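Summary of structural features
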Amino acid sequence: MNRRDGALDLLKWLALLAMVLDHLRYVGYSADWLYVPGRLAFPWFCLAMAANLARNGASASSWRYLGWLLLFSSVSEIPYRLFIPVPATLNVLPTLTLGLLVARSWQTHTLEARLLAAGALLLAALFSSRLMFGFFGVLLPLAMLLVFRRPWYFALLPGLVCLAANQWRVLYGAAWLGDAVAIGGLVACLFAPWLGLVLLRHAGRFHPPPMRRWAYGLYPAHFLLLLAVRQIAA
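Residues numbered from 1 in each chain as written. Predicted model: local features only at pLDDT ≥ 70, side-chain atom pairs only at ≥ 80, totals over all residues. Heavy atoms only, no water.

**Looking at the packing of aromatic side chains**
For any pair of aromatic rings, the description rests on two quantities: the centre-to-centre distance and the angle between the ring planes. Tallying each qualifying case throughout the model produces 12 aromatic pairs. Ring geometry for Trp13 against Trp214: centres 6.1 Å apart, planes inclined by 45°, an arrangement best described as tilted. Of this pair, Trp13 sits in helix 1 (residues 6–23) while Trp214 sits in the loop between helix 10 (180–202) and helix 11 (218–233); the two residues are 201 residues apart in sequence, bridging distant segments of the chain. Centre to centre, the rings of Phe135 and Phe136 are 5.9 Å apart; their planes meet at 85°, and the pair counts as edge-to-face. In this structure Phe136 comes out as partly exposed when scored by relative accessible area, which is 33%. Grouping aromatic residues by their ring pairs yields a cluster made of Tyr26, Tyr80, Phe83, Tyr219 and Phe223. We note Arg39 situated over the ring of Tyr35; from NZ or CZ to the ring centre the distance is 4.1 Å. For Arg150, the ring lying beneath its charged end belongs to Phe154, and the centroid distance is 5.4 Å. (Phe/Tyr/Trp six-rings, centres within 6.5 Å; stacked < 30°, edge-to-face > 60°. Helix = DSSP H or I, 4+ residues; strand = E, 2+ residues; numbered from the N terminus. Buried < 20%, exposed > 50% of the residue type's maximum accessible area, 1.4 Å probe, protein only. Lys NZ or Arg CZ within 6 Å of the ring centre and 35° of its normal.)

**Quick look at empty space enclosed by the protein**
Space left empty within the atom packing is revealed by a probe, the size of a water molecule, rolled over the atoms. Throughout the structure, instances matching the rule amount to 1 cavity of 30 Å³ or more. Computed from the structure, the largest cavity encloses a volume of approximately 30 Å³. Forming the walls of the largest cavity are Gly38, Arg39, Phe42, Pro43, Phe133, Cys162 and Asn166. Of the residues belonging to the lining of the largest cavity, the class tally is 4 nonpolar, 2 polar and 1 charged. (1 Å grid on protein atoms, 1.4 Å probe; cavity = no way out; pocket = protein on both sides within 12 Å on 5 of 7 lines; lining within 4 Å. Points joined across faces, edges and corners; volume = space filled by probe spheres on them. Nonpolar A, V, L, I, M, F, W, Y, C, P; charged D, E, K, R; others polar.)

**Section: the packing of helix 1 against helix 11**
Contact geometry for helix 1 and helix 11: axes closest at 11 Å, N-to-C directions at 30°. As summarised for this structure, helix 1 and helix 11 are arranged roughly parallel, according to the angle between their axes. Where helix 1 crosses over helix 11, the handedness of that crossing is right-handed. Contact with helix 1, carried on its side by Trp13, Leu16, Met19, Val20 and His23, involves Leu218, Tyr219, His222, Phe223 and Leu226 of helix 11 and no other residues of that element. Tallied by class, the residues present in the contact of helix 1 with helix 11 amount to 8 nonpolar, 2 polar and no charged. (Axes fitted to C-alpha atoms, helices over the stretch in contact; angles between N-to-C directions. Parallel < 35°, antiparallel > 145°, perpendicular 65-115°, else oblique. Left-handed = near helix turned anticlockwise from the far one by under 90°. Contact = heavy atoms within 4.5 Å.)

**Quick word on the UniProt feature "transmembrane region" (unreviewed entry) in the chain**
The feature "transmembrane region" (unreviewed entry), as given by UniProt, occupies residues 7–27, 115–140, 180–202 and 214–233 in the numbering adopted here. With 81% helix and 0% strand, the stretch residues 7–27 has end C-alpha atoms that lie 31 Å from each other. (UniProt positions renumbered as here; feature names shortened; annotations may be inferred.)

**Quick notes on helix 6 (residues 111–126)**
Across its 16 residues, helix 6 extends 22 Å between first and last C-alpha, which sits within 8% of the 22 Å expected from 1.5 Å per residue. For helix 6, the set of buried residues is Ala113, Ala117, Ala120 and Ala124. When helix 6 is viewed along its axis, its buried side chains cluster within an angular range of 60° and face the same direction. Opposite the buried face of helix 6, at more than 90 degrees from it, the exposed residues are Leu111, Glu112, Leu115, Leu122 and Leu126. (Expected span 1.5 Å × (residues − 1). Arc of directions from axis to C-beta.)

**Re the environment of Ala165**
Position of Ala165 relative to the elements: it lies in helix 8 (residues 156–165). Residues Ala165 and Ser62, spaced 103 residues apart in sequence, show a C-alpha to C-alpha distance of 24 Å. Not counting the four nearest positions on each side in its chain, Ala165 is found in contact with Phe133, Phe136 and Gly137.

**So, the nonpolar core**
Counting 73 residues, the largest nonpolar core has Leu11, Leu69, Leu140 and Leu200 as the members making the most contacts within it. At 11 residues, helix 3 (residues 41–56) tops the list of elements feeding residues into this core. Beyond its immediate chain neighbours, meaning those up to four positions away, Leu140 contacts Phe42, Pro43, Cys46, Pro158, Val161 and Cys162. (Core = buried A, V, L, I, M, F, W, Y, C linked by side-chain atoms within 4.5 Å.)

**A few points about the environment of Gly217**
Looking at the element boundaries, Gly217 is found in the loop between helix 10 and helix 11. Linking Gly217 and Val75, residues 142 residues apart in sequence, is a C-alpha distance of 8.9 Å.

**Overview of the environment of Phe45**
Mapping Phe45 onto the fold places it in helix 3. Put simply, Phe45 and Leu14 are 31 residues apart on the chain and 9.4 Å apart in space, counted from C-alpha to C-alpha. Ignoring any residue separated from it by four or fewer positions in sequence, one finds Phe45 in contact with Lys12, Ala15, Leu16 and Met19.

**A look at the pattern of salt bridges**
The final tally for this structure, using the stated rule, is 3 salt bridges. With a shortest N-O distance of 2.8 Å, Arg25 and Asp22 are connected by a salt bridge. Arg39 serves as the salt-bridge partner of Asp22, at 2.8 Å between the closest nitrogen and oxygen. You can see Asp22 sitting in helix 1 and its partner Arg39 sitting in the loop between helix 2 (35–38) and helix 3, a full 17 residues away along the chain. Exposure remark for Arg39: the relative accessible area of 5% places this residue in the buried category. If you follow the salt bridges from partner to partner, you end up with Asp22, Arg25 and Arg39 in one network. (Salt bridge = Lys/Arg side-chain N within 4 Å of Asp/Glu carboxyl O.)

Structure representation (structure tokens):
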């Protein structure tokens, strides 16, 4: 891919849109169906991470990437807890931070990278219940990286990892009972990696506004914006 890839920017914007749609369910209106497009957000952010690693390799830019994730993991926690009622987990950025360490270690054989990855996996295993998308969510960026340049049918692997990352009992139980939203959510999880890869490979003619470092601020900002909407609506 070239240095500024329009398809990658498009993927990031669509992932952001899917995340906002998902969180609109907490504004106060009955819109459970938004759960389905919301399942696309996390795997697409993981795919964007894999795309950056595939393009830049284990370079200094990945350490800057890690620094920004660590910073906004902390900055976003308060807005996240203000908006999400009684959150069961941390915000999603700690999961992506640990996932970056694991995926990056696949590209380098240094002892430092392997130790960091081992530490990330240990933390993910010990605190899986406190991480959004749990242990398998930490593995998803690596699964995306492994299939990034492979034929489309290899996308089944990250699709299965994505399903495992969403293994909430209520979701599977509702799907078993025939709930359309739950079934749609599971289908979205399974096919999100494939859809993202198709987009990256065939949407190069699109050139949305580049999503640069300022975009990290959109994560905490969207919580505050939706919180204001909820207060106004109330």
